[in-house]
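Overview (structure and organization)
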Amino acid sequence: MRQPLEGVKVLDFSRVLAGPYCATLLADMGAEVIKIERPKYGDDSRHFGPFQNKESAYFELFNRGKKSIALNLKDDRDLEIVEQLVREADIIVENFRPGVMKKLGLDYEKMKAVNPRIIYTSISGFGQYGPYSQRPAYDLVAQAMGGMTSITGHPNDPPTRVGSSLGDMSGALYGAFGSMVALYHRERTGEGQHVDVAMMDTIFSMLETNVLRYTISGENPGRIGSRHPISTPFDIYQAKDGYIVIAVANDSLFKRLCETIGREDLITDPRFITDPLRTKHEKELKGILEKYLADYTVEEAEEMIGIKAGIPCSKIYTIQDVVADEHSRIREMVFEVEHPRAGKMTMVGNPVKLSKTPPQVKKVAPALDEHREEIMEHLNKSVGSVEYGL
C-alpha cells in the first residue's frame, strides 16, 4: 500500500524530543527521513533512559523509521554532503536555538538558495523572532511562560507542571502540521517557505477559553484543581475505594445524572438549575455527589453512571492500565516491535487512523550512522562526477 508521504524526503537535524517527534510523525506516514547526527555521540537522547539491552527506548520512540548518517556540521567536506542532501530534500526539520543554524551556514536563507522549493521547519522555545527568541528553553520553561503552569494544580498548592512534556509534544504536532500545510502550498505554487514554531506559542494556544476569560471577562484564571472552570459537575470525585471522573456539560446530562442517583430533587434545586449556577455552587454539589458515591466502588459507579446511564464517566487509569487495556491494543496505540539489538519492545502508536493509508509505526530507530553507505552510494550516483567517500 502506497503511503501518503511516500516520495517525500525529510532531513532531520533535530535532537531530543520536539524536532525528532515531528520528523517521526512524517516517517509514520511514509516520508523518507534522514537523521543527521553528531559523529560518535549521536542525538543526546540515545543516552536517555529507560534502556533495554543498552538501547534507549526514549530514542526509539521518537526516531522510529528513520535513516541515520553521522556528519560533522563544522567540517567542509561533510557540509558538501549536507548541501547535496538538501538539493534532493522536500523538508528540513531543526530545533536549535535561533541563530545556531545560521552560524553553521545552514539557515533557511542559505538552504533556500540551494533548493528554492525547500520547506524549512524550525521548532524552538520562543520562535525565530521576538524579544525572547535567544533565550534558552526546555519544556518546563515553555509551560511556565506560556501560562499553563499558572492554571495547573490546586488553589493552595504551588503552580504545577503538566505531567508530560506538553511543550515539546505540541511543538512537534504543530511542526508536523505546519510542514504539511507548507507542502500542500508548494504543490500548488512551487514555493517553499520557512515554518516557525515556538513552544511558548503552542502552549499558549492550548489554554483555549482561559485566555478568553481574561480578554473578554477580565478574570485572570488561576489554579482550580481538576474541575472545569465553567461547567459543573465536571471533576474528580471520591468513591468508596478510589477516585472517579464525572463530566457533565449541559442540563440534559445533569438531569440524567440526578435520575441515575435517585436525586431528582436536585434538578429543580435553585442552586443547580443552570450550568453557571451549578458552577457557582460546585462545592455543595460535589459534597452531595461524594456522599452518594461513598457507598459505591469505582467499578460500580462507572458501570452505573458511565456505561448504563451514558454519562461521561470513568475510573482514573494508571499508565499500566492504559498499556494493558484492550482498547489501546485494538487501536494499535500499544504495539510490539522486534528490535535487532534490544529485542522485543513495547511502544506507543500513532493516534491518527487513516482508512486508506494508515500510519506504519512498526519500525525501529536506526543505529548511529547505520545508513551511511546507502546514503553515500545514492549521492555518488546522483551527482555523477563528484565522488563522496564512504
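Note that the structure is a prediction, hence the values are computed from the model and not measured.

Side note on the overall build of the protein chain
Counting its secondary structure elements, the protein chain contains 16 helices and 13 strands. In terms of its C-alpha atoms, the protein chain occupies a principal-axis envelope of roughly 85 × 45 × 40 Å. In the protein chain, which comprises 390 residues, the proportion classed as buried is 45%. Sequence separation of at least 24 residues holds for 68% of the intrachain contacts in the protein chain that already meet a minimum separation of 6. Here the protein chain displays about 20300 Å² of accessible surface, and carbon together with sulfur accounts for 54% of that area.

Describing the environment of Tyr214
Examined against the element boundaries, Tyr214 turns out to sit in helix H9 (residues 209-215). Considering only alpha carbons, one finds Tyr214 and Val348, 134 residues apart in sequence, at a separation of 37 Å. Each residue touching Tyr214, except ones within four places of it in the same chain, is listed here: Glu219, Asn220 and Pro221.

Regarding the packing of aromatic side chains
A ring pair, where both rings are aromatic, is described by two values, the distance of the centres and the angle of the planes. Tallied over the entire structure, the rule returns six aromatic pairs. A centroid spacing of 5.6 Å and a plane angle of 80 degrees characterise the contact between Tyr21 and Phe62, whose relative ring orientation is edge-to-face. Of this pair, Tyr21 sits in helix H1 (residues 18-28) while Phe62 sits in helix H2 (residues 57-63), placing them 41 residues apart in sequence. For the pair shown, Tyr21 and Phe62 are each scored as buried. Taken together, Tyr21, Phe48, Tyr58 and Phe62 form an aromatic cluster joined through their ring pairs. Above the plane of the ring of Phe96 lies Arg15, whose end atom (NZ or CZ) is 4.3 Å from the centre. One cation-aromatic arrangement involves Arg278 over Phe254; the distance from NZ or CZ to the ring centre is 4.4 Å.

Quick look at the nonpolar core
In terms of nonpolar packing, the biggest core is built from 26 residues, with Leu5, Val8, Val10, Leu26, Ala31 and Ile91 touching the most fellow members. It is H1 that provides the largest number of residues to this core, a total of seven residues. Counting residues in hydrophobic clusters, the runner-up holds 25 residues, among them Leu11, Leu71, Leu73 and Val82.

Some details on the sheet that holds strand E2 (residues 32-37)
Pairing is parallel across the open sheet formed by six strands, whose spatial order is E5-E2-E1-E6-E7-E8. With partners counted over all chains shown, the strands left at the sheet margins are strand E5 (67-70) and strand E8 (193-198), one partner each. Each adjacent strand pair in this sheet contributes to an overall mean axis angle of 20 degrees, direction not counted. Each of strand E6 (91-94), strand E7 (119-124) and E8 touches helix H7 (residues 166-189); the most contacted strand, E7, lies at about 165 degrees to it.

Considering the pattern of salt bridges
Evaluation of the coordinates by the stated rule reveals 29 salt bridges. Close ionic contact of Glu37 with Arg46 constitutes a salt bridge, the shortest N to O distance being 2.8 Å. Of the two residues examined, Glu37 and Arg46, each falls in the buried class.

Some thoughts on helix H13 (residues 298-308)
Here H13 has its buried residues at Val298, Ala301, Glu302, Met304, Ile305 and Gly306. Buried residues belonging to H13 abut strand E10 (243-247), helix H10 (251-260), helix H12 (282-293) and strand E11 (313-315). Residue Gly310 follows H13 closely and has a positive phi angle near 70 degrees.

What to know about helix H3 (residues 76-88)
With 13 residues, H3 ought to run about 18 Å at 1.5 Å a step, and its terminal C-alpha atoms sit 19 Å apart, in line with that. Its side-chain oxygen 3.0 Å from the backbone nitrogen of Arg77, Asp75 forms the N-cap of H3.

What about the environment of Met376?
In this structure, Met376 sits in helix H16 (residues 372-383). With 43 residues separating them along the chain, Met376 and Met333 place their C-alpha atoms 35 Å apart.

Some thoughts on the sheet that holds strand E9 (residues 234-238)
Strand order in the open sheet made by the three strands is E9-E10-E11, with antiparallel pairing throughout. Two strands in the sheet have a free side with no partner beyond their single neighbour: E9 and E11. Recorded for the sheet is a direction-independent mean angle of 20 degrees between the axes of neighbouring strands. Two strands pair when backbone bridges link them, and E10 and E11 are joined in this way by three bridges, in the antiparallel orientation. Residue pairing across strands places Ile244 opposite Lys315, the latter belonging to E11.

Rules behind the numbers
Residues numbered from 1 in each chain as written. Predicted model: local features only at pLDDT ≥ 70, side-chain atom pairs only at ≥ 80, totals over all residues. Heavy atoms only, no water. Helix = DSSP H or I, 4+ residues; strand = E, 2+ residues; numbered from the N terminus. Buried < 20%, exposed > 50% of the residue type's maximum accessible area, 1.4 Å probe, protein only. Contact = heavy atoms within 4.5 Å. Areas by Shrake-Rupley, 256 points an atom, 1.4 Å probe, with all protein chains shown as cover. Phe/Tyr/Trp six-rings, centres within 6.5 Å; stacked < 30°, edge-to-face > 60°. Lys NZ or Arg CZ within 6 Å of the ring centre and 35° of its normal. Core = buried A, V, L, I, M, F, W, Y, C linked by side-chain atoms within 4.5 Å. Pairing = 2+ DSSP bridges. Axes fitted to C-alpha atoms, helices over the stretch in contact; angles between N-to-C directions. Salt bridge = Lys/Arg side-chain N within 4 Å of Asp/Glu carboxyl O. Expected span 1.5 Å × (residues − 1). Polar contact = N/O pair within 3.5 Å; in protein donor to acceptor, adjacent residues only side chain to side chain.

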